[in-house]
Amino acid sequence: MNSNNQPVVLVVDDIATNIVLIKALLKGRNCEVLSAQSGVQALEIAVQSKPDLVLLDIMMPVMDGYEVLARLRSDAATKDIKVVMLSALAKDTDIKKATDLGADAYLTKPIIAPKLFELLDKLLTI
Amino acid sequence: MIKPFRTIGAILILMLTALLPCKAQNNLFNIDDSCYVIYRQADSLLDSPSAPNLIAKLKSQAEKVNDDKAYTLAYTLALRNAVRNGNETEILVRYGELKEIARKTSYMQYYFYAYQLVSVYYFNQGQRTKSLEYSIKMHEEAVAMNNDYGKWFSSKYLSDLYLAGYKRTSARNALLEVVDIYNSTKDSTIRAQSMSKSYVNLAFLSGYGTQQYLDYVELALQTSKLAADTLLVDYALACRAAVLKDNENYKILRDKCRKNTLFPRVRLTGPQVLDFTDKALAGEWAYIDEQLGKLSRLEDFLYISDLAVSYDLMWLVSDCYDAIVQRLAESYEDRLNQALMETEVMLENEILNKQIIDHKNKAFKLMLVLVVLIVVLLVIVGIGSVLYVKKLNKAKKDAELSSRMKTQFVQNMSHEVRNPLNAVVGFSQLIAYAGDTLSEEEKQEYISYITNNSSMLMMLIDDILDLSDIDNGNYKLYITECNCNEICRMAFKTVEHRIPFGVKSSFVSDVPDDLTIHSDEKRVQQIIINFLTNACKNTTDGEITLRCTTSIKDNYVTFAVQDTGSGVPLEQAEAIFNRFSKLDSKKQGSGLGLNICKMLSEKLGGIVELDKSYGRAANASYRGARFYFHLPLK
């Protein structure tokens, strides 16, 4: 939660358009949206800002979403952050891998707005 | 056929045994008595099934009592037994064994005896040439060894063979050699032998009425050792008396011979000759003439001839010589036939041997060819197998690689499709759900996202279709006059919205604004767009530059796209243009873009390449990649 008692959502995606889209979708929702365009940047923000939930893309250069998730779960400071994978990968094996690493939910692109809102309501009790 | 010496073997054996010194009355060979008993048994049972056992027993006993002579005699029995059985192969084996043993035991008389037995065997088989060969060989060996006994024995035997073959001169010479050796040798064994037969034969060959005849008969008497010798002398004298018409003396000597039971054995044809003589004395010459054919020995013909001369019966003399000539002719015919037969056999053997050798050679060659073929086949099969296995492995690896690449491609496609689709769907939902609350600016911004991402989707679909067309040969080019700078500007504008935040971008041209080329404008632009898109994906800060120049490659216009992104490892400089090839599998991109650039440039007659030197200098203040697309100016 931020100082305004709003849940903080961190959007991680290497494609800027996707970040713009998420921010636009969450505009008007009672939450603060942060963003990161790489895995490394996401981990830094996660440690510093302690978001309540991370919307995490998987296919990113240098450090992919799986590794970011694993690091979040292995760090005591970030291990309890809710993580929703938001990926273009839609195979069962991808979903299972993310679940095994500790993801709370898995959404595939393209994003269906009602599904995203429902999930955020559930996880953040917004 | 003349069969004068059918029993020559038996006579010679008797002669041999008689010639050997005695120890006791019943032990002619002066060997151990226990051996002698076995010898006699075996000798009497030759040609019977028990003979080999008895011969083996004699060998064993001779070894036991250490009697070399008895041991050697056992081998003479073995050879004689083989001769009786008539198996030529066995005869020659036993002949070789006897010679070897005789040499070892130094009982050389049996060494020469071996020759004689084989010669007699061939003589009785009608193979006179071969028989003579063995006897001559025996004589030659004896001479070579300077063995008096061998020389004496072989000459004596040769004289018999010559007489049987009507070779008067050769027989006489052989007999004279027998006499010479006898007179000159110090060999007690020879000196102990009787010379009566040899002298009598010499007498027969000298003419029955001559003084020389008488001299030889006298010598025969002097050198006689046995009763048989004096009997032979009596017979010779009887013949001479008849020729000299001394009938009374003839009758006395004739009766003396006839009364002696040994007479037929001492002189086989003697009784018949005496019968002829009686007929002659009775004047029955016609009977003699008719019966001349019954005579077989040269000496007997000569005798009847001399007898006829005494009675002036020249026609009978003529008939005798006719008979001799006829016999000689028959003998020669026999020998000729024999020689012919032997020659034929020899030729047949040679032909057979040649055929065998030919067949062997052919078989060997065939085998060799087969072996070579098999080896070649094995090598081919081996190499083929290895190549086939290699090919299979390569095909398997290729298939695996292809499968992996296709999997990767599908995964990439999913990513490449879903991301633009995400923007299209997402911003469409925003407009749909919150259209009322959105400002006009926001709406326009979102619509532009939708438009751009729709374009990206279209481009992706176009890429896939383009590649498919190129692969299938359906790709068509539309060549027109194209302005180089204009192409660049259009391409730059197309990707402008994809340039990442914070990354500068620029288009620089070194060429006149009116520079044109003959090419497919759309495809040239597509290659440059792909280069630029690639740069956008790999550059997070710094700058992306598109440059149009003619200074890099002579006679070519070059479109160069350089960035300050992650760069391309040198070892990937070529592979980066392969289909589905991506430096980082997690990065956006289908892995088709650079491959399409390569394929298209080839179609356009251009070249695409990575500038391998760019960004690799040790002191370089930048990193990144620079791609060139060269197109011929004209």
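The shown structure was predicted, so the numbers you read here are calculated from the model rather than taken from an experiment.

Calculation notes
Residues numbered from 1 in each chain as written. Chains lettered and ligands numbered in written order. Predicted model: local features only at pLDDT ≥ 70, side-chain atom pairs only at ≥ 80, totals over all residues. Heavy atoms only, no water. Helix = DSSP H or I, 4+ residues; strand = E, 2+ residues; numbered from the N terminus. Buried < 20%, exposed > 50% of the residue type's maximum accessible area, 1.4 Å probe, protein only. Contact = heavy atoms within 4.5 Å. Areas by Shrake-Rupley, 256 points an atom, 1.4 Å probe, with all protein chains shown as cover. Buried area = accessible area lost by both parts, 1.4 Å probe. Salt bridge = Lys/Arg side-chain N within 4 Å of Asp/Glu carboxyl O. Polar contact = N/O pair within 3.5 Å; in protein donor to acceptor, adjacent residues only side chain to side chain. Patch = residues over 30% accessible without salt bridge, like charges linked within 9 Å, V, L, I, M, F, W, Y side chains within 5 Å.

(A) Molecular detail of the overall build of chain B. A tally of helices and strands in chain B yields 23 helices and 7 strands. Relative to its full complement of 634 residues, chain B shows a buried share of 45%. Taking contacts inside chain B between residues at least 6 apart in sequence as the whole, the part at least 24 apart equals 66%.

(B) View of the overall build of chain A. Counting its regular elements, chain A contains 5 helices and 5 strands. Moving toward the C terminus, one meets the helices and strands of chain A in the order β-α-β-α-β-α-β-α-β-α. When the 126 residues of chain A are sorted by exposure, 56% land in the buried category. Taking as baseline every contact in chain A between residues at least 6 positions apart, the subset at least 24 positions apart corresponds to 59%. Taken as a whole, chain A presents about 5,500 Å² of accessible surface, with 50% of it coming from carbon and sulfur.

(C) Here's a closer look at the interface of chain B and chain A. At the interface, 26 residues of chain B touch 27 residues of chain A. Between chain B and chain A, a total of about 2,300 Å² is buried, with carbon and sulfur atoms accounting for 62% of that surface. Linking chain B with chain A are 1 salt bridge. The closest approach of N and O atoms between K27(A) and E442(B), which form a salt bridge, is 2.5 Å. Across the chain B-chain A interface, the total number found is 9 residue pairs in polar contact (both at pLDDT 80 or more). When residues of the side of chain B that touches chain A are traced back to their parent elements, those giving at least two are α19 (314-434) and α20 (440-472) of chain B.

(D) Region of interest: a nonpolar patch on the surface. Together, L366(B), V369(B), L370(B), L373(B), I374(B) and L378(B) make up a nonpolar patch on the protein surface, roughly 570 Å² of accessible area in all. For I374(B), a relative accessible area of 47% translates into the label partly exposed.

(E) Geometry of the pattern of salt bridges. Residue and element names in this part refer to chain B. In total, this model carries 30 salt bridges over all chains according to the counting rule given. The partner of R94 in a salt bridge is E90, with the nearest N and O atoms 3.4 Å apart. Of the two residues, R94 and E90 both sit in helix α5 (residues 88-105), 4 residues apart, roughly one turn of that helix. Judged by relative accessible area, R94 falls into the partly exposed class, the value being 24%. Residue E299 is joined to R267 by a salt bridge in which the shortest nitrogen-to-oxygen separation is 3.0 Å. Of the two residues, E299 sits in helix α18 (residues 298-310) while R267 sits in the loop between α15 (263-266) and α16 (270-281), which places them 32 residues apart along the sequence. On the accessibility criterion, E299 (0% relative accessible area) is buried. A relative accessible area of 6% places R267 in the buried class. Here the salt bridges do not stand alone but share partners, grouping R254, D255, R258, D275 and D278 into one network.

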